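Fold and geometry: a report
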Amino acid sequence: MQETRHISLTICLIILGLVLSGCGKVKQERDDALAEASAAKAELAKVKAQLTEAQTALDAANKDKAALDSKVTALTTERDSALKASEQASLNTITMLAKMGDQAKQYDKQIQDLQAKIKELAGKLKSAETIGPVAPNL
């Protein structure tokens, strides 16, 4: 019986040794996990800071975009207005050129009519010279 007790005691000591050696391993794993968690927290804080910076930059970019959109809208309106004015000026020019062409034709016709009258009067004057001087009517 004493031998059984001795064997039981030896088995208990072996189990106790295994448990204690396992506890050291668990403590090391726990310490490693805590270190990893601490590193992860530090990385998370770093990422949060970068995210805040990125959000600030994005807000600034959105403000710039809004200002540029406003300028684009104003310039587009100005361009459209200038285009309409240019088209109207082109139409006015075409209309004036057409009127000037019609006036030129009218002036040419008047010139031809006047030249015909001048020829007629010149002919009458020549025929009157051949007849003699015209006495004034008193």
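Let me begin by describing the structure that accompanies this report.

About the cut-offs
Residues numbered from 1 in each chain as written. Predicted model: local features only at pLDDT ≥ 70, side-chain atom pairs only at ≥ 80, totals over all residues. Heavy atoms only, no water. Helix = DSSP H or I, 4+ residues; strand = E, 2+ residues; numbered from the N terminus. Buried < 20%, exposed > 50% of the residue type's maximum accessible area, 1.4 Å probe, protein only. Areas by Shrake-Rupley, 256 points an atom, 1.4 Å probe, with all protein chains shown as cover. Patch = residues over 30% accessible without salt bridge, like charges linked within 9 Å, V, L, I, M, F, W, Y side chains within 5 Å. Salt bridge = Lys/Arg side-chain N within 4 Å of Asp/Glu carboxyl O. Polar contact = N/O pair within 3.5 Å; in protein donor to acceptor, adjacent residues only side chain to side chain.

Structural notes on the overall build of the chain
Broken down by element type, the chain carries one helix and zero strands. Classification of the 138 residues of the chain by burial places 1% in the buried group. If you sum the accessible surface of the chain, you get close to 12800 Å²; carbon and sulfur atoms cover 64% of it.

Some points on a nonpolar patch on the surface
Together, I7, I11 and I15 line one region of the surface with nonpolar side chains, adding up to about 270 Å² of accessible area. Within the secondary structure, I7 is located in helix α1 (residues 2-131). What makes I7 partly exposed here is its relative accessible area of 47%.

Section: the pattern of salt bridges
One pass over the full model with this rule turns up five salt bridges. Its salt-bridge partner being D69, residue K65 comes within 2.8 Å of it at the nearest N-O pair. You can see K65 and its partner D69 sitting in helix α1, four residues apart, about one turn around the helix. Put simply, D113 and K109 hold a salt bridge, and the shortest N to O gap is 3.5 Å.

Let's talk about the environment of D80
For D80, the position within the fold is in helix α1. Of the polar contacts made by the side chain of D80, one reaches the side chain of R79; its length is 2.8 Å.

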